[in-house]
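# Residue-level structure breakdown
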Amino acid sequence: MEEYDVLVVGAGPAGAAAAKVCAEAGLKVLDVEKRAEIGSPKRCGEGLSKTSAERMGIEGTDNSWKRAVITKVGVYSPNERSVDMKFDEDQGYIIDRKVFDKMLAEKAAEAGAKVVAKTDAIAFERTDGKVVTTLKSMGKEWKVCSKIVVAADGVETKTARALGLETLMKSIDICSGFQYEMVGIDIDSAKLYFYFHQDKYPGGYAWIFPKGEGKANVGIGIRPTWAKKTAKEYLDDFVESHDFLKKGSITEVNSGGVPVGGLMKDMVGDNLIVAGDAAHHVNPIHGGGIAEAYVGGRIAGEVAVEAVKANDFSKGFLSRYNDKWWEERGKRLNGIYKLRQVVESLSNDDLDWLVDELNGDDIISFTKGDALKKFGKILLKRPKLALLARKLL
Ligand code: FAD
């Protein structure tokens, strides 16, 4: 049986980051991905801010994964008045996940990790302080042994549970996403569009993320807890009610769940570290998880390297991952979680009112978890929102 220091399950951003960090430190690492092509099919609006790309350490390295440069943002309230932002510098990109995820996996492979597509991790068993994992590819099954397993297997993770760590979340913290990639639509190809309406996009929002001239990811995220129909039906209504979208064609259909809360205090077990969507590492207000997954994977890799050096793969040793992640990202995301709870409690009338109270800089800083008290103070201007405002003060 082949032996590894670390087995990474999943080659999305979290898995690629973990594998790269482990390989760079000289560990023997295997990263398995069940899909035939890494990054495909995409389940993503493909939005990535420039600050996120910088946090991932990939800004300025290569432009092959960028499809559009974003310099404008429009946030539309229920009556479709908007807060508009225009920037002198690039704020972010619409990327091509099929190129992007493969690029991240290639970086892990270049660092020395063995990456294998179309290979499903199907069973796990702890033996003699290690984990024996059964892998399956094209009808063939075999086993590998590793000191640590990094579960980077996305929102539908099974790995952590199989190794004794429950990652289930409350249904209220799950967002259901549905998206069309569309062509032949009239949009500003440098602008992100966000639409809010508590009945039309319950517990979420609709987005248009341009991917070049006349082309965009047009999607919706809703929370099934409050929904009266499927995410697809809400999206079809959104497209039908906007003439500039209605005339377009659909070239790709994507769907998937997004964890928008349920941050875990404990993300480790004996021989186990969980990262990315599998550990609910997503910004709870907008559902962006690419950079969060990458950072979670990077920290998982760093802790795995320390554990191999110390020859200690116990839950006690690996729990330093919990501390590191909460220090670097968790506290901030937890603040944003509170913001999410406040925003989803606002009425359509409140959202329309907010358009006159907020400016673009405010919105951007709130979504990053900055100046949340300022948002609370703005809400205090409406006496009926005082109780809600206190959550942020
Ligand atoms: P994933 O990217 O899901 O990777 C996990 C991988 O593990 C998958 O490739 C899967 O095939 C593999 N896997 C699973 N089980 C096994 C197994 N047993 N064996 C082997 N491999 C396995 N985020 C943004 O930042 N910007 C956006 O615009 C955005 N839009 C979104 C729109 C939608 C509709 C959805 C659903 C999500 C969106 N997200 C967005 C979220 C983002 O896609 C995820 O947060 C991100 O991909 C998480 O990365 P990950 O590595 O944790 O998981």
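Residue positions are given per chain, counting from 1 as you read along its sequence in written order. Reporting of local features is limited, given that this is a predicted model, to residues whose pLDDT is at least 70; pairs of side-chain atoms are given and counted only at 80 or more, and all residues count toward the totals for whole chains, interfaces and linings. Heavy atoms throughout the structure, all of them, feed into the side-chain values; hydrogens and water do not.

### Here we look at the site of the ligand
In the vicinity of the ligand, 33 residues are found, and the nearest of them are Glu-33, Gly-45, Gly-47, Arg-97 and Asp-277. Polar contacts, as counted here, are pairs of nitrogen or oxygen atoms within 3.5 Å of one another; within protein the pair requires one atom able to donate a hydrogen and one able to accept it, and residues that are adjacent in sequence qualify only if both atoms are side-chain atoms. Note that an oxygen atom of the ligand is positioned 3.0 Å from one of the backbone N or O atoms of Ala-14. Contact distances for the ligand include 2.9 Å between a nitrogen atom and a side-chain N or O atom of Asp-120. Computed with the Shrake-Rupley method and a 1.4 Å probe, the accessible areas treat only the protein chains shown as cover for residues. Here the ligand loses 91% of its free accessible area of 1,000 Å² to cover by the protein chains. For the purposes of this entry, the term helix denotes a DSSP run of H or I that reaches at least four residues, the term strand denotes a run of E that reaches at least two, and both are numbered from the N terminus. For the shell around the ligand, the elements supplying multiple residues, two or more each, are α1 (13-24), β9 (120-127), β14 (205-210), β16 (249-259) and α7 (290-310). Counting residues per element, the shell around the ligand draws most heavily on β16, at three residues. Grouping the constituent residues of the shell around the ligand by class yields twelve nonpolar, twelve polar and nine charged. In this entry, domain limits derive from an automatic or database-based domain assignment. Looking at which domains feed residues into the shell around the ligand, each of domain 1 (2-44 + 98-168 + 263-318) and domain 2 (60-94 + 171-259) gives three or more. A cutoff of 4 Å decides nearness: a residue is near a molecule or strand if any of its heavy atoms lies inside that distance of it. When residue character is reported, Ala, Val, Leu, Ile, Met, Phe, Trp, Tyr, Cys and Pro are called nonpolar, Asp, Glu, Lys and Arg charged, and the others, Gly included, polar.

### Structural notes on the domain arrangement of the chain
According to the domain assignment, the chain contains domain 1 (2-44 + 98-168 + 263-318), domain 2 (60-94 + 171-259) and domain 3 (337-390). Using C-alpha coordinates to define each centre, domain 1 is positioned 37 Å away from domain 3. Two residues qualify as a contact provided that any one of their heavy atoms is within 4.5 Å of a heavy atom in the partner residue. With four residues of domain 1 at the contact, the number on the domain 3 side is five residues. Buried area is calculated as the accessible area (1.4 Å probe) missing from two parts once they are joined, with the contributions of both summed. Across the domain 1/domain 3 interface, buried area totals approximately 390 Å², and carbon plus sulfur atoms make up 78% of it. By definition here, a salt bridge exists when the distance from a side-chain nitrogen of Lys or Arg to a carboxyl oxygen of Asp or Glu is within 4 Å. Across the domain 1-domain 3 interface, the total number found is zero salt bridges. Connecting domain 1 to domain 3 are one residue pair in polar contact (both at pLDDT 80 or more).

### Quick look at the sheet that holds strand β15 (residues 215-222)
Two strands qualify as a pair provided that DSSP identifies no fewer than 2 bridges between them. One open sheet holds the seven strands; their spatial order is β6-β5-β13-β14-β15-β12-β16, and the pairing between them is mixed. Bordering the open sheet on either side are β6 (82-86) and β16, each of which pairs with just one other strand. Shown here is a sheet whose adjacent strand axes are inclined to one another by a mean of 15 degrees, direction ignored. Two strands pair when backbone bridges link them, and strand β5 (residues 72-76) and β6 are joined in this way by five bridges, in the antiparallel orientation. Residue pairing in the sheet places Gly-74 in a bridge with Asp-84 of β6. Packed on one face of the sheet, helix α5 (residues 231-240) meets β12 (174-183), β13 (191-195), β14 and β15 and runs near 40 degrees to β12. Angles here are taken between N-to-C directions and fall from 0 to 180 degrees, while the axes themselves are lines fitted to C-alpha atoms, restricted in helices to the stretch in contact.

### Examining the pattern of salt bridges
Following the criterion strictly, the structure yields 42 salt bridges and no others. One salt bridge connects Glu-46 with Lys-211, and the closest N-O pair in it is separated by 2.7 Å. Taken together, the residues Glu-46 in the loop between β2 (29-32) and β3 (47-49) and Lys-211 in the loop between β14 and β15 connect sequence positions 165 residues apart. Residues Glu-46 and Lys-211 agree in their burial class; the two are buried. Ionic pairing is found between Glu-59 and Lys-66, a salt bridge with its closest N-O pair at 3.7 Å. Burial status follows relative accessibility: with a 1.4 Å probe on protein chains alone, a residue under 20% of its type maximum counts as buried, one over 50% as exposed, and anything between as partly exposed. On the accessibility criterion, Glu-59 (24% relative accessible area) is partly exposed. What you see here is one network of salt bridges that share partners, running through Lys-42, Glu-46, Lys-98, Glu-181, Lys-211, Lys-215 and Glu-252.

### Quick look at helix α10 (residues 348-357)
Within α10, seven of the ten residues are buried, leaving the element largely enclosed by the surrounding structure. Every buried residue belonging to α10 is among Asn-348, Asp-350, Leu-351, Asp-352, Trp-353, Leu-354 and Val-355, and all of these are buried. Residues of α10 that are buried in the fold lie against β6 and α12 (372-379).

### Quick word on the environment of Gly-256
Along the chain, the position of Gly-256 falls in strand β16. As for Gly-256 and Cys-44, which are separated by 212 residues in sequence, their C-alpha atoms are 8.2 Å apart. Those residues within four positions of Gly-256 in sequence are excluded, and the remaining contacts are Arg-43, Cys-175, Ser-176 and Gly-177.

### What to know about the nonpolar core
Val-6, Ile-148, Ile-273, Tyr-321, Phe-375 and Leu-379 are the most contacted members of the largest nonpolar core, which has 90 residues in total. Looking at which element gives the most residues to this core, the answer is α7, with nine residues. The definition of a nonpolar core used throughout is a set of buried Ala, Val, Leu, Ile, Met, Phe, Trp, Tyr and Cys residues joined through side-chain atoms within 4.5 Å. Within the second largest apolar cluster, 21 residues are counted, among which are Ile-185, Tyr-193, Tyr-195 and Ala-231.

### Some points on the state of the cysteines
Here, a disulfide means two cysteine sulfur atoms that sit within 2.5 Å of each other. Counted by the stated rule, this structure contains zero disulfides. The thiol of Cys-22 is not disulfide-bonded; the next cysteine sulfur, from Cys-145, is found 16 Å away. You can call Cys-22 buried: its relative accessible area is 0%. Of all cysteine sulfurs, the one in Cys-175 lies closest to Cys-44, which takes part in no disulfide; the gap is 13 Å.

### Quick word on the packing of α7 against helix α9 (residues 320-343)
The relative placement of two packed helices comes down to the angle between their axes together with the axis-to-axis distance. For the pair α7 and α9, the least separation of the axes is 9 Å and the interaxial angle reads 160 degrees. Between α7 and α9, the angle is such that the two are roughly antiparallel. For the crossing formed where α7 meets α9, the hand is right-handed. On the side of α7, the interface is formed by Glu-292, Val-295, Gly-296, Arg-298, Ile-299, Ala-300, Val-303 and Glu-306, while α9 contributes Arg-320, Tyr-321, Lys-324, Trp-325, Glu-328, Arg-329 and Leu-333. The scheme is simple: roughly parallel for angles under 35 degrees, roughly antiparallel for over 145, roughly perpendicular for 65 to 115, oblique for anything else. Left-handed describes a crossing in which the near helix is turned anticlockwise from the far one by less than a right angle; the clockwise case is right-handed.

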